[in-house]
Amino acid sequence: MHTYRVDLRSDTVTKPSPTMRKAMAEAEVGDDWYGDDPTVNRLQDRAAEVTGKEAALYVPTGTMANQIGVRLHVSGSGHLVVATAGAHVATTEVMTSAVLSGIAYRVGDPGPKGWMTAELARSLLEPDTYYDVEVVDLLAVENTVGAAGGTVMPIDELRAVRKVASQAGVPVHLDGARIFNASVASGVAVAEFCAEVDTMMFCVSKGLGAPIGSLVCGPAELIREARRLKILFGGAWRQAGIMAAAGLVALEEGPKRLHEDHERARRLAEGVAEVAPGSVDPREVETNMVYVDTGVPGLDALQAIERLAQEGVGATLVSGKVRMVTHVDISDDDVDTAIAAWRAVVGAH
Ligand SMILES: Cc1ncc(COP(=O)(O)O)c(C=O)c1O
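Quantities reported herein were computed from a predicted structural model and do not represent experimental measurements.

**Q** What is the right way to read the site of the ligand from this model?
**A** Surveying the vicinity of the ligand reveals the residues Thr 61, Gly 62, Thr 63, Asn 66, His 88, Glu 93, Glu 142, Asp 175, Ala 177, Arg 178, Met 201 and Lys 206. Contact between the ligand and Arg 178: an oxygen atom at 3.0 Å from a side-chain N or O atom of the residue. The fraction of the free accessible surface of the ligand (390 Å²) that becomes covered by protein chains is 79%. Residues that form the shell around the ligand fall into these classes: two nonpolar, five polar and five charged.

**Q** Would you explain the sheet that holds strand β9 (residues 289-292) in this entry?
**A** Strand pairing in a sheet relies on backbone hydrogen bonds, with the paired strands running either antiparallel or parallel. Pairing within the open sheet is antiparallel, and its three strands lie in the order β9-β12-β11. The open sheet has two edge strands with one neighbour each: β9 and β11 (316-318). Geometrically, the sheet is characterised by an average inter-axis angle of 40 degrees between neighbouring strands, direction not taken into account. When β11 meets strand β12 (residues 321-325), the two strands line up antiparallel, connected through three bridges. Bridging from a neighbouring strand, Thr 316 pairs with Arg 323 of β12.

**Q** How should I be thinking about the pattern of salt bridges in this particular structure?
**A** Oppositely charged side chains can pair when the atoms bearing their charge come close. Under the criterion given, the structure shown has 21 salt bridges. Residues Lys 22 and Glu 26 are paired through a salt bridge, measuring 3.2 Å at the closest nitrogen-oxygen approach. Residue Lys 22 and its partner Glu 26 are both found in helix α1 (residues 18-26); the two are separated by four residues, about one turn of the helix. Close ionic contact of Glu 252 with Arg 46 constitutes a salt bridge, the shortest N to O distance being 3.5 Å. With Glu 252 in helix α10 (residues 241-275) and Arg 46 in helix α2 (residues 38-51), this residue pair connects regions lying 206 residues apart in the sequence. If you follow the salt bridges from partner to partner, you end up with Asp 156, Arg 159, Glu 192 and Glu 196 in one network.

**Q** What is the right way to look at the nonpolar core in this model?
**A** Within soluble globular proteins, side chains that are nonpolar tend to cluster in buried spots. Core analysis: the biggest nonpolar cluster contains 57 residues, and Leu 139 and Phe 202 have the highest contact counts within it. Ranked by the residues each element gives to this core, the list is headed by α10, at eight residues. Filtering out sequence-adjacent residues up to four positions away, Leu 139 remains in contact with Val 82, Met 116, Ala 121, Leu 125, Val 161, Val 170, Pro 171, Val 172 and His 173. The next biggest cluster of nonpolar side chains, apart from the first, holds 30 residues, and it includes Val 290, Val 292, Ala 315 and Trp 342.

Rules behind the numbers
Residues numbered from 1 in each chain as written. Predicted model: local features only at pLDDT ≥ 70, side-chain atom pairs only at ≥ 80, totals over all residues. Heavy atoms only, no water. Near = heavy atom within 4 Å. Polar contact = N/O pair within 3.5 Å; in protein donor to acceptor, adjacent residues only side chain to side chain. Areas by Shrake-Rupley, 256 points an atom, 1.4 Å probe, with all protein chains shown as cover. Nonpolar A, V, L, I, M, F, W, Y, C, P; charged D, E, K, R; others polar. Pairing = 2+ DSSP bridges. Helix = DSSP H or I, 4+ residues; strand = E, 2+ residues; numbered from the N terminus. Axes fitted to C-alpha atoms, helices over the stretch in contact; angles between N-to-C directions. Salt bridge = Lys/Arg side-chain N within 4 Å of Asp/Glu carboxyl O. Core = buried A, V, L, I, M, F, W, Y, C linked by side-chain atoms within 4.5 Å. Buried < 20%, exposed > 50% of the residue type's maximum accessible area, 1.4 Å probe, protein only. Contact = heavy atoms within 4.5 Å.

Honestly, that's just the spatial picture; any functional story needs more than this.
Given below as C-alpha cells:
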C-alpha cells in the first residue's frame, strides 16, 4: 500500500468532512430492508427532487446503481444494451451485466469526446431485420464521460440522442456518476439532463465527497422494481442511515464547490503542459480529470505512475494515459506539489 501526500488517483479517495462525521454520528437509523431508515428515506427524497424524478433508491455503489438501472429495462437474457465503447457499463461493468442479468452490449466509437452522438445512436439502434436475432432493450449514455477525460455530453446532443432512441422505441439510462460535474461545467441543471432519460444514477461517493453510496432515480413504478433488485443483489444494507447522513451533506455542500475542482484540474494540466509540452492540452480539461500522454516526453505510463508515487503523488492508468482527478481533499498547494513531482519525473528522464 502506498501512502500519498497528494492522492489524485480518483475522486473516490476522499475522507468524510467533520460535518459529515458529525451527521453520521447523530444519524437517525432504522432497517432499510423494511424501508424504515428515516435518513435513507430523506436522502432518497432529496435525490428525487434534485434530479426531477418521481423516486430514488439509495444503494452502496455506482456499479450496483448502474446494474439495477440497466436491468430494469432488459426484458430477456441475451438482449443487448447499446453504449459507447468506452462507457463504464460496457467496460468495467461488462462482466457484471453478463453475470447478474445475461446482458450483452453493442458498442460503437463516438470519437475523442467520448459521448454518445445521435449519429452513433442511429447506427447502433439499426434493427436486425435480416437475421431477426438481435434485440436491443436499452441505450445507455454517460455524463461526464470518464474514459474520455471527464468530458461533458452537451444537453443538445443528449436531446438528439433521446429523439433517436424514442423513434426506435428504446428507453435511455444515464450513468451520471459525475452528473453534478457536468452540470457545474455546463451551467445546465442536473434535472434538465435527467429529463431526457428514463432512469439515471449518480454517485454521492465521487466529486460530491461522501464515503459511500449512489442513487438510482426514475419513475416510481420502476424504482419499486429497483428496490426488489437491490434486495436480490444483496444490497439491503440495514441501518444505512449512518452512510446516508454523509450523503445528504454531500448532496447539499458538494455541488457548491465542484467548480474549484475544475479550476484546479485546469491549472494542474497547465503545469504539466509546461513541464512536458504536448502531453496534455489544458483546453480539453472540462471538469475534474487530467489525462497525460506520457509517450510525448518518451515515458512509459506505468513507470511514470511509479515515479510519481515515489514523489508522493498518486495517479492511475486509464485509456493508456496517466489520469489525475481533483477532488475536495486537493488544495492549491497540492496542485503545486503534483506539478513539482511531474517536473522531477520528466527532468530525471
Ligand atoms: C462513470 C462511472 N460509472 C460508474 C462507476 C461505478 O461506481 P462504483 O465505483 O461506486 O461502483 C464509476 C466508478 O468509477 C464511474 O467512473
